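# Results of the structural survey
One-letter residues, chain by chain:
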Amino acid sequence: MFSIRMRAEKNKKHISGAENLVDIPRIQTTVSALVERALSHEKGEPDLINITVESLKTPIKKVTSLPLILANVENEIEGKILARKLLRELKIPALCVEKSISLLEKGPANGENMRGAIIMDMKGNRLEPDRIRGIRASRMDITDEAANELFKELSDSGLSTFFTTISEALILATKVASVKGTIAELCWSDDPSYTAGYVASEKMGYIRIPHLKKKGDPFGGRIFFVDNIDTLKYITEMELTPVLVNKFGKIVELIGKNKKELN
Ligand code: WAQ
Ligand code: MG
């Protein structure tokens, strides 16, 4: 199998990235689809598109996705209240919760978006060696079967429009949660038109929050909350161990009016 990774930038600023794991017969169509992605992003036309096609050197870890839990909030104020509550339930210290939210609000790379994620320990220290780039979770994908299952479930919940974004975020969050030392992840998109984000963890699943920022806000990012890690080992696994989601967990709708409550 091959890992195919795309990243696009403009004036040295990151615009978009995406990746797949495929066998040889699918390399060409995958590369072409990723180029199309790079050229059609809402943040504009890139002046550099980098595509890497590389054979996998290590065995693939096959995993079931985290369960997808749909929270129901009216706006970003309710969304952030919920995110804080979930992170506190996951035992992330209040200091770390506040610091992480304020970093994502301001643009964590000195007022710009990072290409990758922040790693934050339980004291609020940032452990990623490069604070502008961050660390990238990489070499991951989903099988067609699992993707179809997810698509069907999302359609039933009226979310099929967001299939690609949700699927990619769920794959990433599943990989991140599977790496030893990860306690939780907080994410919201840096795309101005995309207001959704999530709090994910092995313990509680992928809790999708439809509003974590106002429409038009250009900042976002990801924080991996960790405890007791060997930073170098953690980063190596995050970037290099190939992970394939071969089964979709389940979907649960919760919180708020007209929704099924969890338990
Ligand atoms: N590894 C680590 N961090 C990453 C990666 C990666 N592979 N890709 C992106 N990031 C960081 C980077 O700082 C980006 O600025 C930030 O995340 C946001 O990336 O509806 O679309 O691709 O359930 O804009 C979440 C909600 C959407 C999905 C996330 O992120 C849903 C999204 P984006
Ligand atoms: Mg983006």
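Each remark here, short or long, concerns the structure printed above.
Keep in mind that what you see is a predicted model, and the values were worked out from it rather than measured. (Residues numbered from 1 in each chain as written. Chains lettered and ligands numbered in written order. Predicted model: local features only at pLDDT ≥ 70, side-chain atom pairs only at ≥ 80, totals over all residues. Heavy atoms only, no water.)

Counted under the stated rule, the structure contains 15 salt bridges. Close ionic contact of Glu54 with Arg139 constitutes a salt bridge, the shortest N to O distance being 2.8 Å. Note that Glu54 is positioned in strand S3 (residues 48-55) and Arg139 in the loop between strand S6 (118-120) and strand S7 (140-142), a separation of 85 residues in sequence. You can call Glu54 partly exposed: its relative accessible area is 27%. Overall, Arg139 belongs to the buried group, its relative accessible area being 12%. Put simply, Glu89 and Lys85 hold a salt bridge, and the shortest N to O gap is 3.7 Å. (Salt bridge = Lys/Arg side-chain N within 4 Å of Asp/Glu carboxyl O. Helix = DSSP H or I, 4+ residues; strand = E, 2+ residues; numbered from the N terminus. Buried < 20%, exposed > 50% of the residue type's maximum accessible area, 1.4 Å probe, protein only.)

With that settled, the discussion passes to the coordination of the magnesium ion (ligand 2). Surrounding the magnesium ion (ligand 2) are the protein donor atoms Asp190 (OD) and Asp191 (OD), which sit 2.1 to 2.2 Å from the metal. Overall, Asp191 belongs to the buried group, its relative accessible area being 18%. (Donors = N, O, S within 2.8 Å, 3.2 Å for Na, K, Ca; no water.)

This part is about the site of ligand 1. Around ligand 1 lies a shell of 24 residues, among which Gly116, Asp190, Tyr194, Tyr206 and Arg208 are the nearest. Asp191 is positioned such that a nitrogen or oxygen atom in its side chain is 3.3 Å from an oxygen atom of ligand 1. Tyr206 is positioned such that a nitrogen or oxygen atom in its side chain is 2.7 Å from an oxygen atom of ligand 1. Here ligand 1 loses 90% of its free accessible area of 700 Å² to cover by the protein chains. The set of elements that each furnish at least two residues to the shell around ligand 1 consists of helix H5 (163-178), strand S8 (182-188), strand S9 (197-201), strand S10 (205-209) and strand S11 (221-226). Split into classes, the residues belonging to the shell around ligand 1 amount to 13 nonpolar, five polar and six charged. (Near = heavy atom within 4 Å. Polar contact = N/O pair within 3.5 Å; in protein donor to acceptor, adjacent residues only side chain to side chain. Areas by Shrake-Rupley, 256 points an atom, 1.4 Å probe, with all protein chains shown as cover. Nonpolar A, V, L, I, M, F, W, Y, C, P; charged D, E, K, R; others polar.)

Turning our attention to the sheet that holds strand S4 (residues 61-64). Taking strand neighbours across the sheet as the criterion, the three strands line up as S4-S12-S7 in an open arrangement whose pairing is parallel. Edge positions in the open sheet fall to S4 and S7, since each of these has one partner strand only. Strand-to-strand twist of the sheet, defined as the mean angle between neighbouring strand axes without regard to direction, takes the value 30 degrees. The pairing of S7 with strand S12 (residues 243-247) spans three bridges and is classified as parallel. Within S12, the residue paired with Met140 across the bridge is Val243. (Pairing = 2+ DSSP bridges. Axes fitted to C-alpha atoms, helices over the stretch in contact; angles between N-to-C directions.)

Bringing the packing of aromatic side chains into the picture now. A complete count under the given rule lists three aromatic pairs for this structure. Both rings, one in Phe162 and one in Tyr194, keep their centres 5.7 Å apart while their planes meet at 85 degrees; by these two values the pair is edge-to-face. Highlighted residues: Phe162 in the loop between helix H4 (144-156) and H5 and Tyr194 in the loop between S8 and S9, separated in sequence by 32 residues. In this structure Phe162 comes out as partly exposed when scored by relative accessible area, which is 32%. (Phe/Tyr/Trp six-rings, centres within 6.5 Å; stacked < 30°, edge-to-face > 60°.)

To continue, consider the environment of Tyr194. On the basis of relative accessibility, which here comes to 15%, the residue Tyr194 falls in the buried class. Put simply, Tyr194 and His41 are 153 residues apart on the chain and 12 Å apart in space, counted from C-alpha to C-alpha. Apart from the residues within four sequence positions on either side, Tyr194 is in contact with Phe162, Thr165, Ile166, Ser189, Arg208 and Lys213. Reaching out from Tyr194, the side chain makes a polar contact with the side chain of Arg208 at a distance of 3.4 Å. (Contact = heavy atoms within 4.5 Å.)

A word on unusual backbone geometry. Positive phi is not limited to glycine here, since Asn11 has a value of about 50 degrees. Position of Asn11 among the secondary structure elements: in the loop between strand S1 (2-10) and strand S2 (13-22). Even without glycine at this site, Asn228 takes up a positive phi of about 55 degrees. Here Asn228 is to be found in the loop between S11 and helix H6 (231-240).

A few words now on the pairing of S8. Most of S8 sits inside the fold, with six of its seven residues counted as buried. In the sheet, S8 pairs with S9 via four bridges, with the strands oriented antiparallel. If you follow Trp188 over to S9, its bridge partner there is Gly197.

Take the side chain of Thr182 next. Position of Thr182 among the secondary structure elements: in strand S8. Of note is the side chain of Thr182, whose polar atom sits 3.1 Å from the backbone oxygen of Val179. Setting aside chain neighbours within four positions, we find Thr182 in contact with Val176, Ala177, Phe225, Val226, Tyr234 and Met238.

It is worth spelling out the packing of H4 against H5 at this point. Two quantities define a packed helix pair, namely the angle between the axes and the distance from one axis to the other. It is at 11 Å that the axes of H4 and H5 come closest, and there the two elements cross at 125 degrees. When the interaxial angle is binned, H4 and H5 end up oblique. Along this stretch, H4 crosses H5, giving a crossing that reads as right-handed. In contact with Ala147, Leu150, Phe151 and Leu154 of H4, H5 contributes Phe163, Ile166, Ser167 and Leu170. Split into classes, the residues belonging to the contact of H4 with H5 amount to seven nonpolar, one polar and no charged. (Parallel < 35°, antiparallel > 145°, perpendicular 65-115°, else oblique. Left-handed = near helix turned anticlockwise from the far one by under 90°.)

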